[in-house]
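Given next are the chains, with one letter for each unit.
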Amino acid sequence: MILHGKPVQERVLAEVKAGVDRLKQARGVTPTLGVVLIGEDPASQIYVRNKKRAADSVGIASRDCLYPQGITQRELNALLRSLSADPAIHGILLQLPLPRGMDEDAAVAAIAPEKDVDGLHPMNLGNLLGGKPGAIPCTPAGCVEILDHYGIPIERAEAVVIGRSRLVGKPLAQLLLGRNATVTVCHTRTRDLAAHCRRADILCVAAGRAGVVTGDMVREGVVVIDVGMNRLPTGKVTGDVDFASVAPRARAITPVPGGVGPMTIAMLMRNTHRAALRHLAP
């Protein structure tokens, strides 16, 4: 079974649009996302445009703060604190990575936790670790949404996560643990990666390198979530998993592109809507 992200994305966005419409009718409030983009990284510019297009489709407004020529760290932190204090802004998206030399940790910490729709503020990551998640990082949330949509059981599954970034690997491991999976986290220092992979009922790969997992490293019937997005010298986009050799052994697998990718923006829209609801709660 191919776990396409598009139908899952469409369902989530439809749910968000319905919720946004209800909020506008009941409270006269339009959820608004403050978007901050520093520099001229082409991939970031494309990503921000896609996010803006998704926001328009569900009725979420956006306020763009674009600085193609760059700003200082102090100016960025002040901007994020200003957006955090603005009652008309319900969510803040700081597009990462920042230009070289800027402090991402300081910038993320300048965002009010309740408006952090990427779920990367230390308080939000801490709440996830504590089992009381608020805003959840979008890509890990999208991975779990795909599993749920296609009826893949998580409870009691042996789950292996390759990658330990704060953006994907660590929060994804916590989400799976919170759903009663038994979770192993692997990384660049892991000995005998293949042995760990072969134990997996659910294998989530966010290593950031093409071809990390091949067919001989997985068992028959595994479910594979490939978070990777790598562009080969040929121009072809591929995941972290060697799809050709792994897919014949897998019970289900996400394609690249078209798997996890569409979910990241969908979950950002859900986080923004939920941030607006929290802001308006008595």
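This text follows the structure it describes.
If you're wondering where the values come from, they're calculated on a predicted model, not measured in any experiment.

A. Structural view of the sheet that holds strand E1 (residues 32-38). Sheet architecture is open: 3 strands sit in the order E2-E1-E3, paired in parallel fashion. Sheet topology places strand E2 (61-67) and strand E3 (91-94) at the edges, where each strand pairs with a single neighbour. On average, adjacent strands in this sheet sit at an angle of 15° to one another, irrespective of strand direction. Across 7 bridges, the pairing between E1 and E2 is parallel. For Leu37, the partnering residue across the bridge sits in E2 and is Leu66. Relative to E1, helix H2 (residues 42-58) is tilted by about 170°, and along the sheet it contacts E1, E2 and E3.

B. The side chain of Asn230, seen in detail. With respect to the secondary-structure elements, Asn230 resides in strand E8 (residues 230-231). When its relative accessible area of 14% is taken as the criterion, Asn230 is described as buried. The contacts of Asn230, once residues within four sequence positions are left out, are Gly208, Arg209, Ala210, Lys236, Val237, Thr238, Gly239 and Asp240.

C. Looking closely at the environment of Gly258. Tracing the chain through its elements places Gly258 in the loop between strand E10 (250-253) and helix H10 (261-280). When the C-alpha atoms of Gly258 and Gly5 are compared, they prove to be 5.8 Å apart, with 253 residues separating the residues in sequence.

Parameters and conventions
Residues numbered from 1 in each chain as written. Predicted model: local features only at pLDDT ≥ 70, side-chain atom pairs only at ≥ 80, totals over all residues. Heavy atoms only, no water. Pairing = 2+ DSSP bridges. Helix = DSSP H or I, 4+ residues; strand = E, 2+ residues; numbered from the N terminus. Axes fitted to C-alpha atoms, helices over the stretch in contact; angles between N-to-C directions. Contact = heavy atoms within 4.5 Å. Buried < 20%, exposed > 50% of the residue type's maximum accessible area, 1.4 Å probe, protein only.

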